[in-house]
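Spelled out, the chains give:
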Amino acid sequence: MAAEAENNDNAAEQKRQHGKRVRYGEIVQLKHRFTSKYLHMCTTQTSQHDKNNMMISLNEFNAKNAQFRILPRYKVKSEGEVVQLFDQIVFESVKSPGHFFHASEKFQIDCYSEGSELNLGVEKSSFTLVGCYREDLEDNRFVRGGSVIRLFHKELEAYLVAEGLFDEIITENVHFRIRVMDQHHPKTMSPSTSGNTYWQIESESSILDGEVLNWEQQIRLRHLATRQYLCINSKSEVSLTTDQTDPRTVFRLHSVLKERNQIQFESYARIEHMLTGYWLHALKDEDYERHSFEEGNGKSMSGLRWDGASTRKVSSSNESQYDDAYTLQYVDDEAIKDFNFVAGMVPFLYNLVNRHELHLNARITHGIIAGMKELKTFIIPDGRPDKNRQKLMRNLRVIDLLVKILQLPLQGAEDESYMIRIFKEAYDVLHAYMIGRSRKNALYFAKYIDFFQTQFSQKGGIGLNVAQMIVELIRDKRKIVDRIGHSNIELFINLLRENP
């Protein structure tokens with residue numbers, strides 16, 4: 001109750017101070033937008049890379065550890081003066097005066113990126129204040145640089161989507177996924193909750209520019225799940241690229257019913273490619289063939305079609321078509337927060353998959369298990385499954401990453417006991433994903449059933465976790481049961497005989 005009261009007081013103080021100029025010497029809090037957590041200094045743990053410094057961490061709650069004094073780096077500025085853009089600033093801890101934010105030497109953070117660790121020490125690191133945008137509550141209805149939107153083709157009743165994971169090979173290239181609105185099915189009247197429909201719109205001038213965007217302004221469209229940019233290549237094909245500096249990634253939005261210069265959410269737009277002058281066009285009569293479904297093997301588990309939605313090809317046209325109008329659908333903050341949570345788990349799991357450089361010990365194992373427990377709690381909040389969050393586990397391939405972890409060799413590993421604990425926790429996460437009797441969740445997961453049947457005899461009691469998960473997988477799933485072969489059934493019978 002005390003913590004909740006403190007958070008309420010903190011929120012009220014933030015509201016009171018909103019819009020006021022920040023001055024040197026004032027106490028501020030730093031909130032990470034991606035995770036919606038506050039930066040905290042830790043008084044009991046040292047930095048991972050600079051053992052002489054204290055650790056900086058992210059936490060949801062407010063405390064004195066999350067309060068820092070903003071100070072000028074050089075004496076040309078003094079306390080009481082207004083902080084301005086591009087000033088050189090330092091942050092001093094309120095909890096531990098005389099200790100400042102410090103950036104460590106560059107190192108490989110994870111499999112995707114390298115950077116520096118932020119920690120707290122007596123040595124100062126200066127930071128440059130770069131503006132993103134000035135918040136105005138009246139501007140919330142307008143699209144900004146960095147806004148997340150869905151592109152809904154009004155005539156076709158379809159979303160522009162792609163499938164894949166970050167910088168890996170794209171599973172499914174850009175295409176339309178049809179979602180016809182039907183009043184007899186209320187669910188179809190609401191916007192899609194799939195993370196594959198999310199696109200981040202960026203100003204062409206800078207990814208850091210968060211100001212309101214105008215019609216016919218040059219922009220880029222970044223697919224959130226793959227983190228790749230929409231482009232039209234030299235063959236006039238619509239695809240994705242990782243190169244944000246590629247001029248083929250620049251587009252313009254043209255209003256269908258122009259009422260003002262600013263782009264407003266839920267307005268209609270046609271999308272023009274700057275370099276070629278071509279327009280994004282839907283091929284209404286040409287189906288997009290999904291590559292992730294096996295053809296010609298209708299009786300295998302891997303041949304199960306877990307997604308029965310109709311799809312269409314996307315192309316480019318040298319003329320603007322009247323019916324190629326897209327609704328710029330707003331994605332609410334809670335949906336973005338959920339997406340960011342799962343996306344933030346991906347590098348953590350991917351590092352474990354590529355564990356040739358990871359030497360497990362008690363501390364590292366505890367951190368991995370804590371992360372998996374957090375993921376399990378996320379998908380079944382208050383003990384009840386959240387289908388939208390389970391869907392994000394599919395969209396961002398977290399399910400596939402967990403299976404890859406479970407496929408790591410266990411026999412003879414130096415850190416076998418640690419791996420057994422991690423495997424058990426991974427199975428608990430997969431079991432949580434299966435709870436709720438979602439047909440799509442089960443059909444997507446069924447392709448791995450042959451592998452899981454080989455895991456019953458794993459040491460350390462892992463077989464019990466496997467059995468629990470498989471029971472949840474096949475419960476009331478006729479499609480899956482019909483494809484279980486005689487060899488699979490015999491394996492179950494033999495296991496029952498051996499373990500009566």
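Per chain, residue numbering runs from 1 following the sequence as it is written. In view of the model being predicted, local features appear only for residues whose pLDDT reaches at least 70, and side-chain atom pairs are presented and counted only at 80 or more, with totals across whole chains, interfaces and linings using the full set of residues. Processing note: side-chain calculations cover all non-hydrogen atoms of the structure and skip hydrogens and water entirely.

Of note in this structure, Glu-157 is not a glycine but carries a positive phi near 55°. Note on conventions: DSSP H or I runs of at least 4 residues are helices, E runs of at least 2 residues are strands, and numbering of each starts at the N terminus. Examined against the element boundaries, Glu-157 turns out to sit in the loop between strand 12 (148-153) and strand 13 (158-163). Relative accessible area serves as the criterion here: at 23%, Glu-157 is assigned to the partly exposed category. Positive phi, normally seen in glycine, also occurs at Arg-227, with a value near 60°. Turning to its location among the elements, Arg-227 is positioned in the loop between strand 16 (218-223) and strand 17 (228-232). Burial classification: accessible surface area is computed with a 1.4 Å probe over protein chains only, and a residue below 20% of its type maximum counts as buried, one above 50% as exposed, and the rest as partly exposed.

Here we come to the packing of aromatic side chains. Pairs were defined over the aromatic rings of Phe, Tyr and Trp, the Trp ring being its six-membered one, requiring ring centres within 6.5 Å. Orientation was assigned from the angle between planes: stacked under 30 degrees, edge-to-face over 60, tilted for the rest. On inspection of all chains with the given rule, the structure shows eleven aromatic pairs. Plain terms: the ring middles of Phe-91 and Phe-101 are 5.3 Å apart, the flat faces sit at 45° to each other, and that makes the pair tilted. With Phe-91 in strand 6 (residues 88-93) and Phe-101 in strand 7 (residues 100-103), this residue pair connects regions lying ten residues apart in the sequence. Lying across the ring of Tyr-74, Arg-73 places its NZ or CZ 5.4 Å from the centre. Over the ring of Tyr-444 we find Lys-447, and its NZ or CZ is 4.3 Å from the ring centre. Cation placement over rings: the criterion is NZ of Lys or CZ of Arg within 6 Å of the ring centroid and within 35° of the ring normal.

Before going further, it helps to examine the pairing of strand 16. Two strands pair under a simple rule: DSSP has to find at least two bridges between them. In the sheet, strand 15 (residues 199-203) pairs with strand 16 via five bridges, with the strands oriented antiparallel. Each residue of the ladder has a partner; that of Gln-200, found in strand 16, is Arg-222. Inspection of the sheet shows strand 16 paired to strand 17 by two bridges, in the antiparallel sense. Within strand 17, the position partnered with Arg-222 by the bridge is Tyr-229.

What follows covers the layout of surface pockets. In this structure, the second largest pocket occupies an estimated 770 Å³ of space. As for the second largest pocket, its lining consists of 32 residues, of which Arg-177, Lys-187, Lys-391, Arg-394 and Lys-440 are closest to the centre. Of all elements in the fold, only strand 13, strand 14 (172-178), helix 4 (387-395) and helix 7 (439-445) reach the threshold of two or more residues within the lining of the second largest pocket. It is helix 4 that contributes the most residues to the lining of the second largest pocket, six residues altogether. Note on residue categories: nonpolar means Ala, Val, Leu, Ile, Met, Phe, Trp, Tyr, Cys or Pro, charged means Asp, Glu, Lys or Arg, and polar means any other residue, Gly included. Partitioning the lining of the second largest pocket into residue classes produces six nonpolar, 14 polar and twelve charged. Marked domain ranges trace back to an automatic or database domain assignment. When residues of the lining of the second largest pocket are assigned to domains, at least three map to each of domain 2 (139-331) and domain 3 (334-498). Every definition here rests on a 1 Å grid over the protein atoms only: cavities are sets of points where a 1.4 Å probe fits but cannot get out, pockets are open sets enclosed by protein on both sides within 12 Å along at least five of seven lines, and lining residues have some atom within 4 Å of a point. Grid points are joined across faces, edges and corners, and a volume is the space filled by probe spheres set on the points.

Another point: the packing of helix 4 against helix 6 (residues 416-434). Where helix 4 contacts helix 6, the two axes come as close as 9 Å, and the packing angle between them is 120°. Here helix 4 is positioned oblique relative to helix 6, judged by the angle of their axes. Of the two elements, helix 4 crosses helix 6, and the hand of that crossing is left-handed. Together, Gln-390, Met-393 and Arg-394 of helix 4 and Val-429, Ala-432 and Tyr-433 of helix 6 make up the contact between the two elements. Helix axes are fitted to C-alpha atoms over the stretch in contact, other axes to C-alpha atoms as well, and angles between N-to-C directions run from 0 to 180 degrees. Here roughly perpendicular refers to angles of 65 to 115 degrees, roughly parallel to angles under 35, roughly antiparallel to angles over 145, and oblique to all remaining angles. By the definition used in this description, the sense in which the near helix is turned from the far one sets the handedness, with an anticlockwise turn below a right angle giving left-handed and a clockwise turn giving right-handed. Throughout, a residue-residue contact means that at least one pair of heavy atoms, one from each residue, lies within 4.5 Å.

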